[in-house]
Amino acid sequence: MDVLTTPFLTGTATGAILLLAALGLTLTFGQMGVINMANGEFLMVGAYVAYMTQQVISGAGVSIVVALPMAFIVAGLLGLLLEVTVIQWMYKRPLDTLLATVGVSLVLQQFAQDLFGAQGDPVTAPSWLGGRISVFGYEWPHRQLFTILLALAALAALSAVLKYSFFGRQIRATVQNRQLAETLGVSTRNVDRITFFLGSGLAGVGGVAIALISGTNPTLGTAYIIPAFLVVVIGGVGQLKGTLLAAWAVGVVTAFLTDWTSGSMAQVITFALVVIFLTMRPQGLFTVRTRSLA
Amino acid sequence: MTDAGIKVAGVTRQKRLLNTYGPLIGIAVLAFFLLVWAPGTMTAFRLGNLGKYCALALASMGIGLAWGRGGMLVLGQGVFFGLGAYAMAMHMKLEAAGPGGVPDFMTLYGNGTMPSWWEPFRSGPFTLFAIVALPAVVSFILGYAILKRRVKGAYFAILTQAMAVAFATLLIATIKQTGGFNGLNTFTTFFGHNLYDPKVGKNLYMIAAGLVILFMLILWQLYRSRYGELLVATRDAEERIRFLGYDPANIKLVAFVVAAIMASIGGAMFVPLAGIISPSNVDAPASIMLLAGVALGGRSSLFGPVLGAIAVGYSRSTLSEKFPTQWTYFLGALFIVIMLFLPGGVASLWPKVRSLWPSSTRRAAKGTASSVDRDHEPTRDVDLDQAEPAALA
Amino acid sequence: MTASFLGEDYLEIRNLTVDFDGFKAVDGVDLTLLQGRLHFLIGPNGAGKTTLVDALTGLVRGSGEAVFRHHDLLAMKAHEIVRLGIGRTFQTASVFEQLSVLQNLDIAAGVHRKARRSILARGKVPERVEQALDTIGLTALAHRPAGILAHGQKQWLEVGMLLVQDAKMMFLDETVAGMSTDERDETGELLKRIVGDRTIVIIEHDMDFMRRYADFVTVMHTGKVLAEGTVAEVQSDKRVQEVYLGTTAEVGTHG
């Protein structure tokens, strides 16, 4: 039983982090057609915020509680800055945006390295995250449970914002039909900015979760950016529930593969599986069939 | 009514001939610099470096074809570069090990037994065949699977990057068979010639530079051929091409495969010139580096990718010596600035430079369609509209 | 229908339906498109005209049957349908803006060429292309990039590309929308010149254009065929008049 549950639960936790990384991507990609390759670095920023908060606030538990909203805001603002300075000029050119954000990610990585050193720094998890909880006779590490709950909470909050808030309605209108939304008085420029803020902020929160598991590192973003994109593509661009399912699936499958073969073969097989999946269903798990050719 | 008979306001046959055959002059100039001036003037060390840049330029030229003309952003070209490079490296390792021998690292990391799939690479002709065939097969299969399902744009780009990551990871994990993280190095001979002999080094450079010129000519022909026009049309209006009876996937597949083969040949030449091949030459960052030159030079132009690749290679060597961390900032800034302000690369400045040239045929020349650089905006010379109503009678 | 209308390149559509998640844009359409005439397809916005053509040319999936030269178009891919001899234009003129008029036509002529010949550059201009240039009247602009053409000229270039493809059946989607009166006249004359033994189906909103050039008219409404016949028959049809508000008045003034 353990052989199955351990990778299943580990995979779910990995999937939770992927979800946090992918939510921002699917929002910006689905709404603006913008590919932000620097999203991995927003994860990294969130991780470093967790580290920095701990330097200031000594209590591990308190520092994490403070770090979460801080990471959201810092990463969110960074994303906003990126949108305003670079991305807003390149909306019609998604591939160029992709490359420009690759440039941004290089700069951010090097900056973190210059600021904090290449080694990476540990982040102490509070004691209440250290233990395990017994569920149906299986020992579940608190850390994994926390990550999963955090991701689900973030997803729920995002869905609520999109469904019930004023901004959420504007975002949904812009995603469905940008031109129409504009004629109805929606400032799509503002919506784009808010979307970027939200998406990047979510990545920051994911970074805190990563920091709790494996500490910080200037290059930690690079390990997540491709899997996060694959999750977006598999789930169907802009589809939140698709992203959830895809993140979970990718996390669990990778965990099982890592268990059976080695870590690197798992990557190769995952890639092959994704390609096969895409050749069978290129639009992803969920899409909306419309009349337009877009 | 032949071409000679069509004489539209200013756009004469002579002008179009110049636009078509003019690049040959440029290629001749490049050939002079690479094949005559450089070997005569540069030190062996610098020449070796230039040879490396030429090898990388081959891959970048392929990207120019696939991305600049075909619209397929390949973020993972390192894979094909690596296929050719590792094939060549395996052959050279086996040469160094001697007839029937086993490469040194296998005794070092493993138990001295060589995997059977290494054995064919002992043969020189097979290795040369593999350098072309391996990337062709892999790119065909991958390209077919992805392009036929109409995966394009960003999805395509990300998938190719995932491919590069997967490949590099695989290499690192198989230290006993591929040298792992350290890669393959310490070669002694290249097809029987002693690598430490400076004459051999010079000849290696000549091969690499010669290949660059050869492929420049091939690309020149490809770009002016009907296929070249078709590729550009597919890039700009893929769905429209479908309604002219073509399957755009087939058109793009050809470009993808040719680009893969070019990268592989580049990789193969890189190994004897650099003396090493490792996963860090084929992974995602390495693939991005191959792109940098293309973006800088101008991806849709004939000369942009090769000149850009050489420029980036040169900057990297000089700058990362003196300013190691600044190089990354420079590279990042390059992508940001080029994509923001000059997406067509330096080559897109060329028409603007040409327009500063005072010429009576210049005003009419602005409308020629021979330069299919994506960012070249055709001007609207309204005066020609009077010509057509009479013709409709 | 007289014997002179019958040929072998006609399109027989039976019970064509295009369903978008429950919304039937085209609902059980039966239609026969015969050779040698200018067949107009009219109807209010949302009637399903463009969707019908989309289904016939492989752009959207439709159910039912559409048989042309013993092939069911609904089971074929877009580029295969083109190779069969069916061409279409789009509402927004979609020529290759960066390429010259000549290059545009030459690409269209590729449907007759073997793939391996495309590695060569163009030698002399193929005769087909020259003729098409002449027919559409753009010879003087052969080497200009298509992007500089006026809207009307772009539509003519599109028609020229269909000529070069040797399309036996052409679907033209709102060709004269946005054209000046002179351009409309020229377009009408062009169409009359090229119809020969082709089948040309024109989706149109311009009633005047229809009145002058249509040989046969099909009226669509909410995805179904409402009425068919000559211009006079259709104009005097009560149902058609109902659907087109103000048509009664128009008929009154123009007779």
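Figured I'd write up the structure that's included with this text. What you see is a predicted model, and the numbers here were worked out from it, not measured in a lab. (Residues numbered from 1 in each chain as written. Chains lettered and ligands numbered in written order. Predicted model: local features only at pLDDT ≥ 70, side-chain atom pairs only at ≥ 80, totals over all residues. Heavy atoms only, no water.)

Another point: the overall build of chain C. Scanning chain C from N- to C-terminus turns up ten helices and ten strands. Here the C-alpha atoms of chain C give a radius of gyration of 19 Å, agreeing with the 18 Å that 2.2 N^0.38 yields for 255 residues. Its C-alpha atoms give chain C principal-axis dimensions of about 60 × 40 × 40 Å. A burial count over chain C gives 58% of its 255 residues as buried. In chain C, once contacts between residues fewer than 6 apart in sequence are set aside, the share between residues at least 24 apart is 67%. For chain C, the accessible area works out to roughly 10300 Å², and carbon and sulfur atoms hold 50% of it. (Helix = DSSP H or I, 4+ residues; strand = E, 2+ residues; numbered from the N terminus. Rg over C-alpha atoms; globule rule 2.2 N^0.38 Å. Buried < 20%, exposed > 50% of the residue type's maximum accessible area, 1.4 Å probe, protein only. Contact = heavy atoms within 4.5 Å. Areas by Shrake-Rupley, 256 points an atom, 1.4 Å probe, with all protein chains shown as cover.)

All names here are of chain C. For strand β8 (residues 199–203), the buried fraction is high: five of the five residues fall into the buried class. Residues of β8 alternate between two faces, with Thr199, Val201 and Ile203 on one and Ile200 and Ile202 on the opposite face, all of them buried. Two strands pair when backbone bridges link them, and strand β3 (residues 37–42) and β8 are joined in this way by five bridges, in the parallel orientation. Paired with His39 across the two strands is Val201, which belongs to β8. Here five bridges tie strand β7 (residues 169–173) to β8, and the two strands are oriented parallel to one another. If you follow Leu172 over to β8, its bridge partner there is Ile202. Each parallel crossover has a hand, and the one from β7 via helix α6 (residues 181–194) to β8 is right-handed. (Pairing = 2+ DSSP bridges. Right-handed = clockwise from strand over helix to strand, strands pointing away.)

What follows is about the interface of chain B and chain A. Across the boundary between the two partners, chain B contributes 37 residues, which contact 38 residues of chain A. Taken over both partners, the interface formed by chain B and chain A buries close to 3200 Å², and the fraction arising from carbon and sulfur atoms is 80%. Area buried by chain B at its contact with chain A is led by Tyr155, Ile158 and Tyr329 of chain B, which between them contribute 20% of it. A salt bridge links Arg299 of chain B to Asp96 of chain A; the shortest N-O distance between them is 3.3 Å. The tally of links from chain B across to chain A stands at six residue pairs in polar contact (both at pLDDT 80 or more). Those elements that provide at least two residues to the side of chain B that touches chain A are α5 (124–148), α6 (153–173), α12 (284–297) and α14 (324–341) of chain B. Residue contributions to the side of chain B that touches chain A peak at 14 residues, all from α6 of chain B. (Buried area = accessible area lost by both parts, 1.4 Å probe. Salt bridge = Lys/Arg side-chain N within 4 Å of Asp/Glu carboxyl O. Polar contact = N/O pair within 3.5 Å; in protein donor to acceptor, adjacent residues only side chain to side chain.)

Turning our attention to the environment of Asp283 of chain B. Residues and elements named next belong to chain B. Looking at where Asp283 falls in the secondary structure, it is placed in the loop between β4 (276–277) and α12. Residues Asp283 and Ala168, spaced 115 residues apart in sequence, show a C-alpha to C-alpha distance of 5.2 Å. Look past the residues within four positions of Asp283 in its chain and what remains in contact with it is Ala164 and Ala168.

Another point: the pattern of salt bridges. Applying the stated criterion to the full structure yields 24 salt bridges over all chains. Its salt-bridge partner being Glu239 of chain B, residue Arg242 of chain B comes within 3.2 Å of it at the nearest N-O pair. Residue Arg242 of chain B and its partner Glu239 of chain B are both found in helix α10 (residues 238–242); the two are separated by three residues, about one turn of the helix. With its nearest N and O atoms 3.1 Å apart, the salt bridge here joins Arg239 of chain C to Asp237 of chain C. Owing to a relative accessible area of 16%, Asp237 of chain C belongs among the buried residues under this scheme. Shared partners join several salt bridges into a network, and the residues in it are Glu83, Arg189, Asp192 and Arg193 of chain A.

Another aspect to go through is the packing of aromatic side chains. Residues and elements named next belong to chain B. Applying the stated criterion across every chain yields a total of 25 aromatic pairs over all chains. When the ring of Phe105 is compared with that of Trp118, the centres are 5.9 Å apart and the planes differ by 50 degrees; the resulting orientation is tilted. With Phe105 in helix α4 (residues 104–109) and Trp118 in the loop between α4 and α5, this pair connects stretches of sequence that are 13 residues apart. The same class applies to Phe105 and to Trp118, which are both buried. (Phe/Tyr/Trp six-rings, centres within 6.5 Å; stacked < 30°, edge-to-face > 60°.)

On to helix α5 (residues 151–164) of chain C, then. Given a rise of 1.5 Å per residue, 14 residues ought to cover 20 Å, and the 20 Å separating the end C-alpha atoms of α5 of chain C matches this to within 8%. Positive phi appears at Asp166 of chain C, one or two residues downstream of α5 of chain C, with a value of about 60 degrees. (Expected span 1.5 Å × (residues − 1).)

This part takes up unusual backbone geometry. Residues and elements named next belong to chain C. The backbone phi angle of Asp166 is positive, close to 60 degrees, even though this residue is not glycine. Structurally, Asp166 is set in the loop between α5 and β7. Its relative accessible area of 29% is what places Asp166 among the partly exposed residues. Here the phi dihedral of Thr222 falls at roughly 40 degrees; this positive angle occurs in a residue that is not glycine. Here Thr222 lies in the loop between β9 (216–221) and β10 (224–229).

Moving on: the packing of helix α2 (residues 44–69) of chain B against helix α11 (residues 248–274) of chain B. All names here are of chain B. Contact geometry of α2 with α11 gives a least axis separation of 7 Å together with a crossing angle of 170 degrees. Put simply, α2 runs roughly antiparallel to α11. Between α2 and α11, the residues in contact are Gly48, Gly51, Lys52, Ala55, Leu56, Leu58, Ala59, Met61, Gly62, Leu65 and Ala66 and Ala255, Val258, Ala259, Met262, Ala263, Ile265, Gly266, Met269, Phe270, Leu273 and Ala274, respectively. Each residue belonging to the contact of α2 with α11 can be placed in one class, and the counts come to 17 nonpolar, four polar and one charged. (Axes fitted to C-alpha atoms, helices over the stretch in contact; angles between N-to-C directions. Parallel < 35°, antiparallel > 145°, perpendicular 65-115°, else oblique. Nonpolar A, V, L, I, M, F, W, Y, C, P; charged D, E, K, R; others polar.)

Another aspect to go through is the nonpolar core. By size, the foremost hydrophobic cluster in this structure holds 268 residues, and its most contacted members are Leu98 of chain A together with Phe40 and Leu157 of chain C. Take this core: its biggest share by element is 17 residues, from α11 of chain B. Residues contacting Leu98 of chain A, with those up to four places away along its chain left out, are Ile35 and Met37 of chain A together with Leu73, Leu75, Ala154, Ala157 and Ile158 of chain B. Listed in part, the 30 residues of the second largest apolar core include Leu16, Phe20, Phe68 and Met220 of chain C. (Core = buried A, V, L, I, M, F, W, Y, C linked by side-chain atoms within 4.5 Å.)

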